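Below, each chain spelled out in residue letters.
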Amino acid sequence: QEQLVESGGGLVQAGGSLRLSCAASGSIFSINAMGWYRQAPGKQRELVAAITSGGRTNYADSVKGRFTISRDNAKNTVYLQMNSLKPEDTAVYYCNADFAKCRFCAVHDYWGQGTQVTVSS
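Sequence order sets the numbering: in each chain, residues are counted from 1 along the sequence as written. pLDDT decides what is reported in this predicted model: residues at 70 or higher carry local features, side-chain atom pairs at 80 or more are listed and counted, and totals for whole chains, interfaces and linings draw on all residues regardless. Only heavy atoms go into the side-chain values, all of them from the structure, while hydrogens and water stay out.

J.: Just to check I follow, could you spell out the pairing of strand β9 (residues 91-100) for this structure?
T.: Here is the key point about a regular strand: its side chains alternate between the two faces of the sheet. Of all 10 residues that make up β9, eight are buried, and the element is covered over most of its length. For strand β4 (residues 30-39) and β9, the ladder comprises eight bridges, and the chain directions are antiparallel. Bridge pairing in β9 links Ile31 to Phe99. In this description, strands pair whenever DSSP reports at least two bridges between them. Helix numbering and strand numbering both begin at the N terminus, where a helix is a DSSP run of H or I of at least 4 residues and a strand a DSSP run of E of at least 2. Pairing of β9 with strand β11 (residues 115-120), which is carried by three bridges, proceeds in the antiparallel orientation. Among the inter-strand pairings, Val92 is bridged to a residue of β11, identified as Gln116. What sits between the antiparallel neighbours β9 and strand β10 (residues 107-111) is a turn of six residues. For each residue, the accessible area found with a 1.4 Å probe, counting protein chains only, is set against the maximum for its type, and the residue is called buried under 20%, exposed over 50%, and partly exposed in between.

J.: Is there a simple way to think about the state of the cysteines in this case?
T.: Here a disulfide denotes a covalent bond joining the sulfur atom of one cysteine to the sulfur atom of another. Only a pair of cysteine sulfur atoms within 2.5 Å counts as a disulfide in this structure description. Scanning the model with the defined rule gives two disulfides in all. A sulfur-sulfur distance of 2.0 Å marks the disulfide that ties Cys22 to Cys95. Torsion about the S-S bond of the Cys22 and Cys95 cystine: about -80 degrees, corresponding to left-handed handedness. With Cys22 in strand β3 (residues 18-25) and Cys95 in strand β9, the pair connects residues that are 73 residues apart, well separated along the chain. Residue class for Cys22 comes out buried when judged on its relative accessible area of 0%. Under the relative-accessibility criterion, Cys95 is labelled buried at 0%. Across a sulfur-sulfur distance of 1.7 Å, Cys102 and Cys105 are joined as a disulfide pair. In this structure the cystine formed by Cys102 and Cys105 twists about its S-S bond by roughly 95 degrees; its chirality is therefore right-handed. Judged by relative accessible area, Cys105 falls into the partly exposed class, the value being 29%. The connectivity of the disulfides in the chain is 1-2, 3-4, where the numbers refer to bonded cysteines in sequence order.

J.: Could you clarify how one ought to interpret the nonpolar core in this entry?
T.: Nonpolar side chains in soluble globular proteins generally cluster together in the buried interior. Grouped together as the largest cluster of nonpolar side chains are 31 residues, with contacts concentrated most on Trp36, Leu80, Met82 and Tyr93. Contributions of two or more residues to this core are made by β3, β4, β5 (46-51), β7 (67-72), β8 (77-82), β9 and β11. With five residues, β9 is the largest single contributor of residues to this core. Pairs of residues are marked as contacts when any of their non-hydrogen atoms sit within 4.5 Å. When sequence neighbours within four positions are dropped, the list of residues in contact with Met82 reads Gly16, Ser17, Leu18, Leu20, Arg66, Phe67, Tyr93 and Val117. The nonpolar core is taken to be a set of buried Ala, Val, Leu, Ile, Met, Phe, Trp, Tyr and Cys residues, with the residues joined through side-chain atoms within 4.5 Å.

Structure (structure tokens):
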């Protein structure tokens, strides 16, 4: 069964760093875009960063210059390096990936279970 498994969340003081990882597993032909979203209590889920299969990246304005998204296509893994963390970065972070299970299969959208990131002031 196809799934995304995240790791790397936790509690950190403001100004600190964390690195999130997300590995896709199961029957995967090729992964298109991968990304990270977050949802804070009482707020809608928002895009944090995304990366295409070719390595083109896109960031939310609030994290530009502080967060870096990268991927290892051989490992079907996406990373999010988060530096200079702020209390407002506190949220559940979700991994997202679009991929097909075979060459002529439809592309589907997959989500991880979420990992909590808490930044204390």
